[in-house]
Amino acid sequence: MRTLIHDWTEQAACLEVDPELFFPVSTHGPGEEQVMAAKAVCARCPVREQCLAYALDTRQAEGVWGGTDPAQRGVRIRR
């Protein structure tokens, strides 16, 4: 199944937040708090599943997508 960017992106909770929040320099140290804050936005997002599907389909290697960080998506992709 191929997920494309469609109307779901217009409903995303992240539209209300600075996009840089979702792309920390690191997921460790100070960046860990940023990742947690980004995931909190995702937790209240009505299109979280669509976002995650898009990230997995397009192999997004960076950033927080659908409430997951790159390591979490890597585990799902390897399955």
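- In the nomenclature of an unreviewed UniProt entry, the protein chain corresponds to Transcriptional regulator WhiB from the organism Nonomuraea endophytica.
- A UniProt comment under Subcellular location (unreviewed entry) is attached to the protein chain, and it reads "Cytoplasm".
- UniProt, in the comment section headed Function (unreviewed entry), describes the protein chain in these words: "Acts as a transcriptional regulator. Probably redox-responsive. The apo- but not holo-form probably binds DNA."

### With respect to the packing of aromatic side chains
- The full count for this structure, using the stated rule, is three aromatic pairs.
- Pairing tryptophan 8 with tyrosine 54 gives two aromatic rings, centres 6.3 Å apart and planes at 55 degrees, and the pair type is tilted. Taken together, the residues span a long stretch of sequence, with tryptophan 8 in the segment before α1 (30-43) and tyrosine 54 in helix α2 (residues 48-57) at a distance of 46 residues.
- When its relative accessible area of 15% is taken as the criterion, tyrosine 54 is described as buried.
- Pairwise contacts between aromatic rings join Trp8, Phe23, Tyr54 and Trp65 into one cluster.

### Notes on the state of the cysteines
- Following the criterion strictly, the structure yields zero disulfides and no others.
- Sulfur of cysteine 14: no disulfide; nearest cysteine sulfur belongs to cysteine 45 and is 6.1 Å away.
- By relative accessible area, cysteine 45 is classed as buried at 17%.

### Brief notes about the layout of surface pockets
- Roughly 330 Å³ of internal volume is contained in the largest pocket.
- Around the largest pocket, the lining comprises 20 residues; the ones closest to its centre are Trp8, Ala12, Cys14, Cys51 and Trp65.
- Elements with a contribution of two residues or more to the lining of the largest pocket: α1 and α2.
- Top contributing element to the lining of the largest pocket by residue count: α2, with three residues.
- Counted by class, the lining of the largest pocket contains 17 nonpolar, two polar and one charged residues.

Rules used throughout
- Residues numbered from 1 in each chain as written.
- Predicted model: local features only at pLDDT ≥ 70, side-chain atom pairs only at ≥ 80, totals over all residues.
- Heavy atoms only, no water.
- UniProt positions renumbered as here; feature names shortened; annotations may be inferred.
- Phe/Tyr/Trp six-rings, centres within 6.5 Å; stacked < 30°, edge-to-face > 60°.
- Helix = DSSP H or I, 4+ residues; strand = E, 2+ residues; numbered from the N terminus.
- Buried < 20%, exposed > 50% of the residue type's maximum accessible area, 1.4 Å probe, protein only.
- Disulfide = S-S within 2.5 Å.
- 1 Å grid on protein atoms, 1.4 Å probe; cavity = no way out; pocket = protein on both sides within 12 Å on 5 of 7 lines; lining within 4 Å.
- Points joined across faces, edges and corners; volume = space filled by probe spheres on them.
- Nonpolar A, V, L, I, M, F, W, Y, C, P; charged D, E, K, R; others polar.

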